[in-house]
Amino acid sequence: MFIISLILFLGGFALFGLAFNIEMLQGVVFAAGIIAVCLAMALPMHFGSTQKSR
C-alpha cells in the first residue's frame, strides 16, 4: 500500500508542475493532481487500520 500511495503522491505533484507548462486543459491536469494527492492520503487511512472494532 505504501508504494501505491507514494507513486500517487509524487505523480500528483508531477501533475501540478505539468499543468503550468502545457497549453490546453491546465485546469483538468491540475485537478487530476489534486485528486491523486488526495487518494494518496486517503488510501492508507482507509485500508491501514490494523485493529478490528468490536
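Located above this text is the structure these notes cover.
Just so you know, these numbers come straight off a predicted model, no measurement behind them. (Residues numbered from 1 in each chain as written. Predicted model: local features only at pLDDT ≥ 70, side-chain atom pairs only at ≥ 80, totals over all residues. Heavy atoms only, no water.)

Asker: Would you take a moment to explain the overall build of the protein for this structure?
Answerer: Across its full length, the protein carries two helices and zero strands. A total of 54 residues make up the protein; the buried ones form 17% of that total. Summarising the internal contacts of the protein: among those between residues at least 6 apart in sequence, 56% fall at separations of at least 24. Entry remark: accessible area of the protein is about 4500 Å², with carbon and sulfur atoms responsible for 73%. (Helix = DSSP H or I, 4+ residues; strand = E, 2+ residues; numbered from the N terminus. Buried < 20%, exposed > 50% of the residue type's maximum accessible area, 1.4 Å probe, protein only. Contact = heavy atoms within 4.5 Å. Areas by Shrake-Rupley, 256 points an atom, 1.4 Å probe, with all protein chains shown as cover.)

Asker: Help me understand the packing of helix α1 (residues 2-19) against helix α2 (residues 26-47) in this model?
Answerer: When two helices pack together, their arrangement is given by the angle between their axes and by how far apart the axes lie. At a closest axis distance of 8 Å, the pairing of α1 and α2 adopts a crossing angle of 160 degrees. When the axis of α1 is compared with that of α2, the two are roughly antiparallel. Every pair of crossing elements has a handedness; the one defined by α1 and α2 is left-handed. Taken together, the residues that form the contact of α1 with α2 break down as 19 nonpolar, four polar and no charged. (Axes fitted to C-alpha atoms, helices over the stretch in contact; angles between N-to-C directions. Parallel < 35°, antiparallel > 145°, perpendicular 65-115°, else oblique. Left-handed = near helix turned anticlockwise from the far one by under 90°. Nonpolar A, V, L, I, M, F, W, Y, C, P; charged D, E, K, R; others polar.)

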